[in-house]
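Observations on chain architecture
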Amino acid sequence: MQRFWYKCIDCGEVYDGSERIYFCPRCGGLLDIEYEYDPDASLTPWSKSFRERPLGVWRYRELLPITGLEKVVTMNEGGTRLIRCKNLERELGIREIYVKYEGDNPTGSFKDRGMTVGVTKALEVRAKTTICASTGNTSSSLAAYSARAGLDCVVLVPSQKIALGKLSQALIHGARVLAVKGSFDDSLRLVEEISRDPRFYLLNSINPFRLEGQKTAAYEIYEQLGDVPDKLIIPVGNAGNIVAYWKGFRELKMLKLVDRLPNMIGVQALGASPIYKAFIKGSDRLEPMDSVETVATAIRIGNPVNWKRALRAARETGGMIGIASDEEILRAQKTLAAREGIFVEPAGAAPIALLAKAAREGLIERDSKVVCIATGHGLKDPNVVLMNVEKPLEVEADIESVLKVLGMTSIEKT
Ligand code: F0G
């Protein structure tokens, strides 16, 4: 591990990495983790030790802010598949399309990359209880990692607005689940207040250690492709993940492993799109949306905390923040499942929805190498699927009935 410290993203003030802070004590800004990189020394592990370890978050341990690996809370997160999608390439007329399938993670979403680092940190600071607000996946992941670490866990979720699979996970792992009569944004406001009490350790993406774990997905893509992609398309809710990938790619450049960054393209749901609106206006201000709605409940967020850096990521890399409607998201989810065999939850399909639209409108160069981040497993949200597919056909348990519904009159034996 390199020496690290916090740096405020607004005023630039730095603080010792061992302090327990979530916001800049001087101006209230969010904090980034910075390291003392010696490019030459850092390259050595990349070429030697990294390659001897399995692909995954802890392959990159020297680039993570944890000392003493023996206490790491891990289930071998990361190391997820980068799947080439040739059927989509043909259909959309784009040279190379890949899906980074984060559903492969232990609890079925990218959140595990952040929680292995964040919950290890919770142990380090001797917290008793972990806490988060969540649209679902963060609560599943935090509940699982806290259970493993022997920590109590409290999660606040918007009542009736999280997917069934995610709720079952948080409950079976033993978290105390509070269904808040309000939105995700209300829940986040409440947990921020509670976590002023040092017994609680806050693990939303305000916590910079979580983003450190999540940045490893960018390293993996670089290793899996042997290069960075031209375009990276990623769903955006609270906007932590796009910031984490951006940081991962910038570090690869700092380490002189690559000489460019991908165009970072974020996708919000049409009904929850405050960052998209700021991007389109060219504004440096976010106008939170009080009332948000989308079938992609994972990204149903009106006041995203990481909006400032998400805008920077898109603008500074020649990318953009786009939107996809519920109809486009559901169509993309179905296409990915039916044409490529990849089952993702609605939010995870948003990048494919945007890519399809951009390709049809000629907004993406045909010779591009595109990576879409599929952030969560399709089994997380079975209800949405069942509302959007044909029901199974009931048949009598005899061969005539089966043949009849299959439109056959007899079995042809060869
Ligand atoms: N995709 C999925 C499946 C998610 O669960 C989330 C966020 C995102 C995309 C967006 O990531 O917030 O970093 O921009 N889910 C959080 C949660 C908010 O509570 O599970 P982001």
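What counts, and where the lines are drawn
- Residues numbered from 1 in each chain as written.
- Predicted model: local features only at pLDDT ≥ 70, side-chain atom pairs only at ≥ 80, totals over all residues.
- Heavy atoms only, no water.
- Helix = DSSP H or I, 4+ residues; strand = E, 2+ residues; numbered from the N terminus.
- Buried < 20%, exposed > 50% of the residue type's maximum accessible area, 1.4 Å probe, protein only.
- Contact = heavy atoms within 4.5 Å.
- Areas by Shrake-Rupley, 256 points an atom, 1.4 Å probe, with all protein chains shown as cover.
- Lys, Arg positive; Asp, Glu negative; His and termini not counted.
- Charge placed at Lys NZ, Arg CZ, Asp CG, Glu CD.
- Salt bridge = Lys/Arg side-chain N within 4 Å of Asp/Glu carboxyl O.
- Pairing = 2+ DSSP bridges.
- Axes fitted to C-alpha atoms, helices over the stretch in contact; angles between N-to-C directions.
- Core = buried A, V, L, I, M, F, W, Y, C linked by side-chain atoms within 4.5 Å.
- Phe/Tyr/Trp six-rings, centres within 6.5 Å; stacked < 30°, edge-to-face > 60°.
- Lys NZ or Arg CZ within 6 Å of the ring centre and 35° of its normal.
- 1 Å grid on protein atoms, 1.4 Å probe; cavity = no way out; pocket = protein on both sides within 12 Å on 5 of 7 lines; lining within 4 Å.
- Points joined across faces, edges and corners; volume = space filled by probe spheres on them.
- Nonpolar A, V, L, I, M, F, W, Y, C, P; charged D, E, K, R; others polar.

From N to C terminus, the chain includes 16 helices and 13 strands. For the chain, the C-alpha atoms occupy an extent of roughly 75 × 45 × 45 Å along the three principal directions. Expressed as a percentage of the 414 residues in the chain, the buried residues total 58%. Taking all contacts inside the chain whose residues are at least 6 apart in sequence as the whole, residues at least 24 apart take part in 71%. Per element, the accessible surface of the chain, about 18,000 Å² overall, is 51% carbon and sulfur. Positive and negative charge centroids in the chain, built from 56 and 53 side chains respectively, lie 2 Å apart.

Enumeration over the complete set of coordinates arrives at 33 salt bridges. One salt bridge connects R95 with E96, and the closest N-O pair in it is separated by 3.8 Å. Relative accessible area serves as the criterion here: at 14%, E96 is assigned to the buried category. Residue K247 pairs with E251 through a salt bridge whose shortest N-O separation is 2.9 Å. Of the two residues, K247 and E251 are both situated in helix α10 (residues 240–254); the distance of four residues between them amounts to about one turn of the helix. No difference in accessibility class separates K247 from E251, as the two residues are buried.

As summarised here, the arrangement of the six strands in space is β4-β5-β13-β10-β11-β12, forming an open sheet in which the pairing is mixed. Pairing within the sheet leaves two strands with one partner each, and these edge strands are β4 (82–84) and β12 (320–324). Averaged over all pairs of adjacent strands, the angle between strand axes in this sheet comes to 25°, irrespective of strand direction. The strands touched by helix α11 (residues 274–281) are β11 (263–269) and β12; relative to β12, the strand with the most contacts, the crossing angle is about 130°. Across the sheet, helix α13 (residues 326–340) lies against β4, β5 (96–101), β11 and β12, angled at about 90° from β12, the strand it touches most.

This next bit is on the nonpolar core. With 91 residues, the main nonpolar core has W46, L232, I242, Y245 and I275 as its most contacted residues. Per-element accounting of this core gives the leading share, seven residues, to α10. Membership of the second largest hydrophobic core comes to 34 residues, among which are I97, I265, I299 and I352.

What follows covers the packing of aromatic side chains. With the rule as written, the count across this model stands at six aromatic pairs. Centre to centre, the rings of F4 and Y35 are 6.4 Å apart; their planes meet at 50°, and the pair counts as tilted. Separated by 31 residues along the polypeptide, F4 in strand β1 (residues 4–8) and Y35 in strand β3 (residues 31–35) bring together distant segments of the chain. Geometrically, the ring pair formed by Y60 and Y219 is edge-to-face, given 4.9 Å between the ring centres and 70° between the ring planes. Taken together, the positions of Y60 in the loop between α2 (49–52) and β4 and Y219 in helix α9 (residues 216–225) put the pair 159 residues apart, joining distant regions of the chain. Side by side, Y60 and Y219 carry an identical accessibility label, which is buried. Every member of this aromatic cluster is reached through a ring pair, and the members are F4, Y6, Y35 and F209. The side chain of K121 reaches across the aromatic face of F209, ending 4.5 Å from its centre.

Take the layout of surface pockets next. Roughly 360 Å³ of internal volume is contained in the largest pocket. Around the largest pocket, the lining is made up of 16 residues, and of these E192, N303, P304, V305 and W307 lie nearest the centre. The set of elements that each furnish at least two residues to the lining of the largest pocket consists of α7 (184–194) and α12 (307–316). If one sorts the elements of the lining of the largest pocket by residue count, α7 sits on top with five residues. A per-class count over the lining of the largest pocket returns seven nonpolar, three polar and six charged.

Coordinates in, geometry out; function isn't part of it.
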